[in-house]
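If you want the building blocks of each chain, they are given just below.
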Amino acid sequence: MERYYQKEIECAPYEEIRRIQSEKLVKQVKHVWDNVPYYRKKMEEKGVTPDDIKSVDDLHKLPFLSKKDLRDAYPTGLLGVPQKDCVRIHSTSGTTGKRVIAFYTQHDVDLWEDCCARAIMAAGITDEDVCQVSYGYGLFTGGAGLHGGSHKVGCLTVPTSSGNTDRQIMFINDLKATLLCCTPSYAAYLAERFKELGYKPDDIPLKAGIFGAEAWSEEMRHDIEKSLGIKAYDIYGLTELSGPGVAFECSEQNGMHINEDHFIAEIIDPDTEEVLPEGSQGELVFTAVDKEAFPMIRYRTRDICRLTREKCSCGRTHVKMAKPMGRSDDMLIIRGVNVFPSQIETVLLNNGYAANYQIVVDRVNNTDTLDVQVEMTPEKFTDNVGEIEENQKKLVDDLKSMLGIKAKVSLMAPKSIARSEGKAVRVIDKRKI
Amino acid sequence: MSIMQISVFLENKPGTLKKMTGVLAANKINMRATSLAETKDFGIARLVVDDAMSAVNTLKEHNFVASLTPVLAIEIPDEAGGLDKLLENFDDAEVNIEYMYAFTGGKNTDHAYMIFRVSDTKAAEAKLNGKGVKILTQEDIESI
């Protein structure tokens, strides 16, 4: 049976959603014009005023915001309310020097938690369930978002945060946790640890997992589902837009419903910035029509994906986004070819290796080199040198046909690649350009 | 009777072999015979020890990928032509050798010991047994 947190809006007719979006957009544009001088200036430069925006149909007239704008306006230049009206901030990791601080009023926190609650109930969870939140707590939005959502649903919430894997396992067992929320790479690590401790999937109380904050492949989903004995659901979000819960998977597990009453999605051509027709692949752009403190308008996510409005068997009417191939921030350009770590992961898992891998990119004699380091597993090991070499060659061939460029494959000792408790470090780019 | 050899995956990186011998040393595991197969990307260490089962578990506990492989250990006289004479029997019996290594020493100083990996261990044993070839058992290895 499909479960909903806010069925009326989640299953509202499309026309009704459009009406709500238009109403909120008109209001939001006025709010931003009046309160965010940075964005007002952008509108003026484009010759747009709030009077030009009468419905969602006028959305394309508005200027875009990009990560660069967030950096230029750092820390408070995009704040839409006096700072004293804010109750919280969250921040991106800033590892690439692009730290973003997002502000929230109580209203913003509420709507974010509602979005997460929708995701949790779509995973078949109710107030009878025990929800273990193993996302990092703190500045990162993962922990706080799912924690808040779990409260709204009424689950018993176990705020373990990330790390201390054996303690995670203890809580899952002792409290019979049925829902696990964390990054997919940490879920895979927990599964590995369960196996080491001698657990079979049936011994593990978990029945569902909500995994996000990093790109993961369909193959990894199957692996996690099999090894933990659960259903694994994808969740999508960005700190800039609130955090996880912008979109989430339902029982169909084939694309994520965007919470369209709060976020209007567009797909654009990343080069020409033109809006593309429905079903096209392009860059995802979001307008947060409900947020007060950090009102993002036409924010370019750099995520490449496609949207579909095909009828979903779960009953939800909100548009579905396909799993992004990866943030374009994750995308590597190697010898002029776009490479997503998720493509490499797909090949590794298809070949029977585990999702413990690292991608090392370097530049030797002006040529980019790609080294895919993957751990040897007991299943893939044999005493026969020739057989291992054949398997290795097959990996190289499969990577070549997936990526279009040749990669080196290095077989590593087990556990030699560091396990992540939060977002996995998949790529080491040593190129000095 | 074949004996069990331990095969250990070694990453191609300085210090990997030492890491393995360190684990063996710390757990007081004595190697009777050892050989290293290497490619440009990785290596496989092959070991014969007294208690293969417990040694392979120890290695696994220390995050090595290791497995057991049946091999034939055969005693030959430590003299010119010793191996040649043995291989004549392999030829006659049409036993195909995948790899081989040797060790000498132990209490019995006038003998050498050959370790063979063959494609079909059981069939090879049956064929060689009738030819007066001395195939060692695990107990023989422990008493060398």
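Conventions adopted
Residues numbered from 1 in each chain as written. Chains lettered and ligands numbered in written order. Predicted model: local features only at pLDDT ≥ 70, side-chain atom pairs only at ≥ 80, totals over all residues. Helix = DSSP H or I, 4+ residues; strand = E, 2+ residues; numbered from the N terminus. Rg over C-alpha atoms; globule rule 2.2 N^0.38 Å. Buried ≥ 20, exposed ≤ 12 C-beta atoms within 10 Å, placed from the backbone. Contact = placed C-beta atoms within 7 Å. Nonpolar A, V, L, I, M, F, W, Y, C, P; charged D, E, K, R; others polar. Domains from an automatic or database assignment. Core = buried A, V, L, I, M, F, W, Y, C linked by C-beta atoms within 7 Å. Pairing = 2+ DSSP bridges. Axes fitted to C-alpha atoms, helices over the stretch in contact; angles between N-to-C directions. Expected span 1.5 Å × (residues − 1). Arc of directions from axis to C-beta.

Novice: Explain the overall build of chain A to me, please; I cannot follow it from the model alone.
Specialist: Secondary structure summary: chain A contains eleven helices and 19 strands in total. By the compact-globule yardstick of 22 Å for 433 residues, chain A fits well, its C-alpha radius of gyration being 22 Å. Viewed in the frame of its principal axes, chain A has a C-alpha envelope of about 75 × 55 × 40 Å. Expressed as a percentage of its 433 residues, the buried residues of chain A come to 47%. Of all intrachain contacts in chain A linking residues separated by at least 6 positions in sequence, the fraction that spans at least 24 positions is 67%.

Novice: So what exactly am I meant to see when it comes to the overall build of chain B here?
Specialist: If you tally the helices and strands in chain B, you get five helices and six strands. The order of α-helices and β-strands along chain B, N terminus first, is β-α-β-β-α-β-α-β-β-α-α. Taking 2.2 N^0.38 as the reference for a compact globule, 144 residues should give roughly 15 Å; the C-alpha atoms of chain B span a radius of gyration of 16 Å, in line with that estimate. Seen along its three principal axes, the alpha-carbon backbone of chain B occupies a region of about 40 × 30 × 25 Å. Counting across all 144 residues of chain B, residues that qualify as buried make up 31%.

Novice: Any chance you could explain unusual backbone geometry here in plain terms?
Specialist: For residues other than glycine, phi is negative in most cases, and the peptide bonds are mostly trans. In the segment running from Y74 of chain A into P75 of chain A, the intervening peptide bond is cis, with an omega of -5°. Within the secondary structure, P75 of chain A sits in the loop between α4 (67–72) and β1 (88–91). The phi torsion at K176 of chain A lies on the positive side, around 50°, for a residue other than glycine. Among the structural elements, K176 of chain A can be located in the loop between α7 (165–174) and β5 (179–182). For K176 of chain A, a count of 12 C-beta atoms within 10 Å corresponds to the exposed category. Positive phi outside glycine occurs at K28 of chain B, with the angle close to 55°. Mapped onto the elements of the fold, K28 of chain B is located in the loop between α1 (16–26) and β2 (31–38).

Novice: I tried to follow the interface of chain B and chain A on my own but got confused; where do I start?
Specialist: By a frequent convention, interface size equals the accessible area lost on bringing the separate parts together. At the junction of the two partners, chain B supplies 13 residues and chain A supplies 16 residues. Mapped onto the side of chain B that touches chain A, the elements with two or more residues apiece are β1 (3–11), β3 (42–49) and β4 (66–77) of chain B. Of the residues forming the side of chain B that touches chain A, the biggest block, three residues, is contributed by β1 of chain B. Tallied by class, the residues present in the side of chain B that touches chain A amount to five nonpolar, six polar and two charged.

Novice: Whenever I open this one, the domain arrangement of chain B confuses me. Can you help?
Specialist: Residues and elements named next belong to chain B. Domain annotation of chain B identifies domain 1 (3–69) and domain 2 (71–143). The interface is formed by nine residues belonging to domain 1 together with 13 residues belonging to domain 2. Only β1 and β2 provide two or more residues apiece to the side of domain 1 that touches domain 2. Among the elements that line the side of domain 1 that touches domain 2, the one with the most residues is β2, at four residues. A per-class count over the side of domain 1 that touches domain 2 returns four nonpolar, three polar and two charged.

Novice: Just to check I follow, could you spell out the nonpolar core for this structure?
Specialist: Nonpolar side chains in soluble globular proteins generally cluster together in the buried interior. Residues I120, L179, A187, I210 and F286 of chain A together with V8 and A73 of chain B are the most contacted members of the largest nonpolar core, which totals 158 residues. The element that contributes the greatest number of residues to this core is helix α5 (residues 106–122) of chain A, accounting for nine residues. Setting aside residues up to four positions removed in sequence, L179 of chain A forms contacts with I120, A123, I125, D129, C131, Q132, C155, A208, G209 and I210 of chain A.

Novice: Please clarify how the sheet that holds strand β6 (residues 111–118) of chain B should be interpreted in this entry.
Specialist: Pairing between the strands of a sheet comes from backbone hydrogen bonds, and it takes one of two forms, parallel or antiparallel. Residue and element names in this part refer to chain B. An order of β2-β3-β1-β4-β6-β5 is seen for the six strands of this open sheet, with the pairing classed as antiparallel. Sheet topology places β2 and β5 (97–104) at the edges, where each strand pairs with a single neighbour. Averaged over all pairs of adjacent strands, the angle between strand axes in this sheet comes to 30°, irrespective of strand direction. Examined bridge by bridge, β5 and β6 share seven bridges and lie antiparallel to one another. Considered in β6, the bridge of I97 is made with V118.

Novice: Is there a simple way to think about helix α11 (residues 385–403) of chain A in this case?
Specialist: An α-helical segment advances 3.6 residues per turn. Residues three or four places apart therefore align on the same side. With 19 residues, α11 of chain A extends 27 Å from end C-alpha to end C-alpha; this agrees with the ideal 27 Å at 1.5 Å per step. Within the sequence span of α11 of chain A, burial applies to I388, Q392, L395, L399 and L403 of chain A. All buried residues of α11 of chain A fall inside an arc of 50° around its axis, so they share one side. Of the exposed residues in α11 of chain A, those oriented more than 90 degrees away from the buried face are G386, E387, E390, K393 and S401 of chain A. Against β15 (337–339), α10 (341–350), β17 (367–375) and β18 (408–412) of chain A together with β3 of chain B lie the buried residues of α11 of chain A. Looking one or two places after α11 of chain A, you find G404 of chain A, whose phi comes out positive at around 85°.

Novice: Looking at this structure, I do not really get helix α2 (residues 14–35) of chain A. What am I missing?
Specialist: Residue and element names in this part refer to chain A. The terminal C-alpha atoms of α2 lie 31 Å apart, and with 22 residues this matches the ideal 32 Å at 1.5 Å per residue to within 8%. If you check which residues of α2 are buried, you get Q21, L25, Q28, V29 and V32. Take α2 and look down its axis: the buried residues cluster within an arc of 105°, on one side only. With respect to the buried face of α2, the exposed residues turned more than 90 degrees away are E15 and D34. Where α2 is buried, its residues contact α3 (37–46), β10 (263–268) and β11 (281–288).

Novice: Help me understand the sheet that holds β17 of chain A in this model?
Specialist: Residue and element names in this part refer to chain A. If you walk across this open sheet you meet the four strands as β18-β17-β16-β19, and the pairing is mixed. The strands lining the two open edges of the sheet, one partner per strand, are β18 and β19 (427–429). Strand-to-strand twist of the sheet, defined as the mean angle between neighbouring strand axes without regard to direction, takes the value 20°. Relative to β19, strand β16 (residues 357–364) runs parallel, the two being bridged by three bridges. Looking across to β19, one finds that I359 is bridged to V427. Sitting on the sheet, α10 touches β16, β17 and β19, and the angle it makes with β16 is about 125°.

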